[in-house]
Amino acid sequence: MANKIDKTSTTKNANKQARTSARMHHHTNKHDEAGRPAKAKIQNSQSSSRSRSLSSVSSNTKKRTPKHWIAERSLPDVLGKHYRSDGYYASLYMGDQTFESDLHLSVHSPIDGHVFCQMGEANADQARMVAELAHESFLQWRTVPAPKRGELVRVYGERLRQHKRALAEVITLECGKPIQESLGEVQELIDVCDFAVGLSRQLHGLTIASERPEHRMMEQWHPLGPVLVITAFNFPMAVWGWNAALALVCGNTLVWKPSEQCPLSALACHSLLMQVAVEQGAPPYLSSVIFGEKSLSEQLVDNPRFPLVSATGSCAMGRAVGARVASRMGRSLLELGGNNAMIISDKADLDLALRAIAFAALGTSGQRCTTLRRLIVHEDVLPDVMHKLQTVYDSVAIGNPFDEKNLMGPLVNEAAMEQMESALLAAQQQGGVLICGGEPLADISEKPSALIRKGYYMTPALVVIDGRAPVVQSETFAPILYVHTYQFLEDAIALNNSVAQGLSSAIFTESIHEAELFLSAVGSDCGIANVNIGTSGAEIGGAFGGEKDTGGGRESGSDAWKNYMRRTTNTINYGKQLPLAQGIRFDL
């Protein structure tokens, strides 16, 4: 089993070349139809190309599945006046205004590789402008009473409920997430709005006892300023929502730089928010969304108009963002990679554990920051666990994520497929045994459909490997589950804590001693530690985030609202004397 990839390498390489050739031909044809390469200089909205229909941007309509049409028909519903039938979108949506760009970037759906839109790329002038005008609107928004700000978020949550299905379809179109999970993500966005509405009446400080007579001390929390939110492809709406709902009730304005893979998810959320903002009479630049690549992110991050930068992505990205923000003495809220582990005790309910493993490891095709990547199994139950897991992995339904019978969709792009294959090869070179999976679905299907051939579908992989192997120390954003064994719980906890990341963790056990030890100060070192549930699927009521290389940030629930405000300590003297603290005398 250890040489599974090596034995089939010749066949897989040939299949990969054929697959790549097919995709290149597919994309080239689409670009020929659109008349532009992947990244092309085009005219602004007055160009005659604006008369092109969306079908000219996408692949030939006869080749597209009806379910793609369902998703793309959702776009006018959620984009409103920002919808463009030709598929060419602007680079900056600032409040209710639109700003164009000379450069556009093609965006491919991972479902079958078709181009569903062309996004404008913002320039440096637009990046500076959005920061300045977000600050101007902040000066107005901060004076609105917090419960009134909460009312805007309440109405926004209701608007999201009205468009829940359409929003979910846009998520699935852009990142390939199974439609049930996309519906769950939109619900998470709705839930955090509900949470923020209640919070808008509880942004409380403290009254503090003073050592000086006739003095009172207190703390207040005030709005901070424009918040820059940078998000990843895998949760293109919910993570922004965690930040946006809280930032808005705390009195801040928003600038959103989304993943290049999911621009329409961002534009949909922004468009619905601005509809509500206009109705409520909010400042004109309460929310903005700006599109571009790494250089744009750097320009935004460096701008001192953003006192807080909330960034979600890889550990490497977070280190770069954190350093740049720190150099100007700003604040960072970082939610970065996870290399999450679950311990399966010999005292565990294995049927319960198996269901949790399946969702945690396979959900979103292994592309959640909380995805289960390391399974630490007691040696006495390893044979039983592996037998049941292999059955699940061999039978899980993979395919079009709009089909609700499929529990796994595609990876986000071909680079993700290649990274998965490289990680599996490295694992075997480091002594791991590939039990199953790790193959492009197109290579093992008897008659793969055009969708499977052109999309980015991989079978999930199980690998038995030493927990200290180098490949295990890094997060591979793909459905690979590394399996380790242990004899003593202390060794399992040490393995859980041995990686650089510290996001999510779990233990399955019926022993209260083992459960409490895992949750104690000598237990898991992660920001999330669960008992008898998996590593993913967090609720919005608890603060979300992790330790170590995961960045230390906390978003969503609990007291995460304090990230979005500045604290001031006040001392009030209501007497006629002026006593000094610490008994100091300074008599004139």
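See above for the structure.
We now turn to the structure provided with this report. (Residues numbered from 1 in each chain as written. Predicted model: local features only at pLDDT ≥ 70, side-chain atom pairs only at ≥ 80, totals over all residues. Heavy atoms only, no water.)

## Here we look at the packing of aromatic side chains
Then step 1. For the structure on display, the rule yields 6 aromatic pairs.
Then step 2. Between tyrosine 93 and phenylalanine 291, the aromatic rings sit 6.2 Å apart at their centres with planes inclined by 75 degrees, giving edge-to-face as the arrangement. With tyrosine 93 in strand β3 (residues 92-94) and phenylalanine 291 in the loop between β11 (287-290) and α12 (294-301), the pair connects residues that are 198 residues apart, well separated along the chain. Summarising the burial analysis for this pair, tyrosine 93 and phenylalanine 291 share the class buried.
Then step 3. Here tyrosine 156 and tryptophan 240 contribute two aromatic rings whose centre-to-centre distance is 6.3 Å and whose plane-to-plane angle is 90 degrees, an arrangement assigned as edge-to-face. Placement of tyrosine 156 in helix α7 (residues 146-162) and of tryptophan 240 in helix α10 (residues 238-249) is noted, with a sequence separation of 84 residues between them.
Then step 4. A relative accessible area of 1% means that tryptophan 240 is categorised as buried.
Then step 5. Through a chain of ring-to-ring contacts, three or more aromatic side chains come together here, namely Tyr156, Trp240 and Trp256.
Then step 6. The ring of phenylalanine 235 has lysine 177 lying over it, and the distance from NZ or CZ to the ring centre is 3.5 Å. (Phe/Tyr/Trp six-rings, centres within 6.5 Å; stacked < 30°, edge-to-face > 60°. Helix = DSSP H or I, 4+ residues; strand = E, 2+ residues; numbered from the N terminus. Buried < 20%, exposed > 50% of the residue type's maximum accessible area, 1.4 Å probe, protein only. Lys NZ or Arg CZ within 6 Å of the ring centre and 35° of its normal.)

## Thoughts on the environment of methionine 217
Then step 1. Examined against the element boundaries, methionine 217 turns out to sit in strand β8 (residues 215-223).
Then step 2. Taking C-alpha positions, methionine 217 is 4.4 Å from threonine 571, a pair spaced 354 residues apart along the chain.

## Some thoughts on the packing of α7 against helix α11 (residues 263-280)
Then step 1. Look at α7 against α11: their axes get within 9 Å of each other, and the N-to-C directions meet at 135 degrees. By the angle class used here, α7 and α11 are oblique. The handedness of the crossing between α7 and α11 is right-handed. Facing Glu151, Leu152, Val155, Tyr156, Arg159 and Leu160 of α7, the residues of α11 in contact are Cys269, Leu272, Leu273, Gln275, Val276, Ala277, Glu279 and Gln280.
Then step 2. Looking at the contact of α7 with α11, its residues break down into 9 nonpolar, 2 polar and 3 charged. (Axes fitted to C-alpha atoms, helices over the stretch in contact; angles between N-to-C directions. Parallel < 35°, antiparallel > 145°, perpendicular 65-115°, else oblique. Left-handed = near helix turned anticlockwise from the far one by under 90°. Contact = heavy atoms within 4.5 Å. Nonpolar A, V, L, I, M, F, W, Y, C, P; charged D, E, K, R; others polar.)

## Quick notes on the nonpolar core
Then step 1. If you look at the biggest cluster of nonpolar residues, it comprises 138 residues, and the most contacted ones within it are Trp240, Leu264, Ile344 and Leu375.
Then step 2. Excluding residues within four positions of it along the chain, tryptophan 240 makes contact with Tyr156, Leu189, Val229, Thr231, Leu254, Trp256, Cys269 and Leu273.
Then step 3. Ile230, Ala311, Cys315 and Val325 belong to the second-largest nonpolar core, a separate cluster that totals 24 residues. (Core = buried A, V, L, I, M, F, W, Y, C linked by side-chain atoms within 4.5 Å.)

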